[in-house]
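Residues per chain, in single letters:
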Amino acid sequence: MTAALEGGCACGAVRYRLDAAPMFVHCCHCLDCQRQTGSAFVLNALIETAQVAILAAEPVRFEMPTDSGRPHGVYRCAACGTAVWSEYGGLTALRFVRVGTLDDPKALAPDVHINTRSKQPWLELPAGIPAFEAYYDAQKVWPAESLARRRAILPPRSVATGVPAGRQ
Ligand SMILES: [Zn+2]
Ligand SMILES: [Zn+2]
């Protein structure tokens, strides 16, 4: 990545900068993501929380209901309500940054499509990008460098069992 990516909410109160390229980018087609965004899918850039610099107001956490019972916090601008990232499963070191909140949202394209069983039927997925009906095994899909970064921030138990950091 040549330049750090910046982004923010609709009103401009929340501003952030990604100080590294994301480890991986998810396009999630699950029904929770459709409902929470009001759109067909969500684009999440997975990156270390330590690599997300807060440049202005801190977003506020909202708890989302989950089927699994594992916590899902969505972080929103307190003033305008734009969701800028999620935290799944209590993994505070990992952020799922909403790609659409980047100043240049086309800067990051999906590395994987997940939960395609609930994909909108009119949407055709591109050839050549991995796609999974539900979740997937990062060990088989992520580049080695990203796996190493993930190992460095996840609790050892998650690494050993391969339990995904989050469903989305
Ligand atoms: Zn705002
Ligand atoms: Zn989802």
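Scroll up to find the structure this text is about.
No experiment lies behind these values; they were computed from the predicted model shown.

Structural notes on the coordination of the zinc ion (ligand 1)
At step 1: The coordination sphere of the zinc ion (ligand 1) contains the protein donors Cys9 (SG), Cys11 (SG), Cys77 (SG) and Cys80 (SG), at a distance range of 2.3 Å.
At step 2: Classification of the site at the zinc ion (ligand 1) rests on its four donor atoms, whose angles at the metal span 106 to 114°, yielding the label tetrahedral.
At step 3: In terms of primary sequence, the donors binding the zinc ion (ligand 1) are separated according to C-x1-C-x65-C-x2-C.

Observations regarding the environment of Gly89
At step 1: Residue position: Gly89 is located in the loop between β8 (83-88) and β9 (94-98).
At step 2: Dropping the residues within four chain positions of it, Gly89 is found in contact with Arg70 and Pro71.

Points about the side chain of Arg95
At step 1: Tracing the sequence through the fold places Arg95 in strand β9.
At step 2: Arg95 gets classed as buried once you look at its relative accessible area, which sits at 10%.
At step 3: Sequence-distant contacts of Arg95, defined by excluding residues within four places in its chain, comprise Ala45, Leu46, Ile47, Thr49, Val52, Tyr75, Trp85, Ser86 and Glu87.

Let's talk about the pattern of salt bridges
At step 1: According to the stated counting rule, one finds eight salt bridges in the structure shown.
At step 2: Between Arg15 and Glu6 there is a salt bridge, with its nearest N and O atoms 3.4 Å apart.
At step 3: For Asp19, the salt bridge identified is with Arg17, shortest N-O distance 2.6 Å.
At step 4: The exposure class assigned to Arg17 is partly exposed, which follows from its relative accessible area of 27%.
At step 5: If you follow the salt bridges from partner to partner, you end up with Arg61, Glu63, Glu87 and Arg95 in one network.

Focus: the packing of aromatic side chains
At step 1: Inspection of every chain in the model, using the stated rule, returns six aromatic pairs.
At step 2: Ring centres 5.5 Å apart and planes at 80° place the aromatic pair Tyr16 and Trp85 in the edge-to-face group. Here Tyr16 is found in strand β2 (residues 15-18), whereas its partner Trp85 is found in strand β8, with 69 residues between them in sequence.
At step 3: Overall, the relative accessible area of 3% leaves Trp85 in the buried class.
At step 4: Ring centres of Phe132 and Tyr136 lie 5.4 Å apart, and the angle between their planes is 20°; on these two criteria the pair is classed as stacked.
At step 5: Under the relative-accessibility criterion, Phe132 is labelled partly exposed at 26%.
At step 6: Site record: aromatic cluster; members linked through ring pairs are Phe24, Phe132, Tyr135, Tyr136 and Trp142.

Considering the sheet that holds strand β5 (residues 52-54)
At step 1: Read from one edge to the other, the open sheet built from three strands follows the order β1-β2-β5, with strand pairing classed as antiparallel. Looking at which strands have only one partner, the edges of the open sheet turn out to be β1 (5-8) and β5. Mean inter-strand twist for the sheet, computed between neighbouring axes without regard to direction, equals 25°.
At step 2: The sheet contact formed by β2 and β5 spans three bridges and is antiparallel.

About the thresholds
Residues numbered from 1 in each chain as written. Chains lettered and ligands numbered in written order. Predicted model: local features only at pLDDT ≥ 70, side-chain atom pairs only at ≥ 80, totals over all residues. Heavy atoms only, no water. Donors = N, O, S within 2.8 Å, 3.2 Å for Na, K, Ca; no water. Tetrahedral: all angles 85-135°; square planar, octahedral: opposite > 155°, others 65-115°. Helix = DSSP H or I, 4+ residues; strand = E, 2+ residues; numbered from the N terminus. Contact = heavy atoms within 4.5 Å. Buried < 20%, exposed > 50% of the residue type's maximum accessible area, 1.4 Å probe, protein only. Salt bridge = Lys/Arg side-chain N within 4 Å of Asp/Glu carboxyl O. Phe/Tyr/Trp six-rings, centres within 6.5 Å; stacked < 30°, edge-to-face > 60°. Pairing = 2+ DSSP bridges. Axes fitted to C-alpha atoms, helices over the stretch in contact; angles between N-to-C directions.

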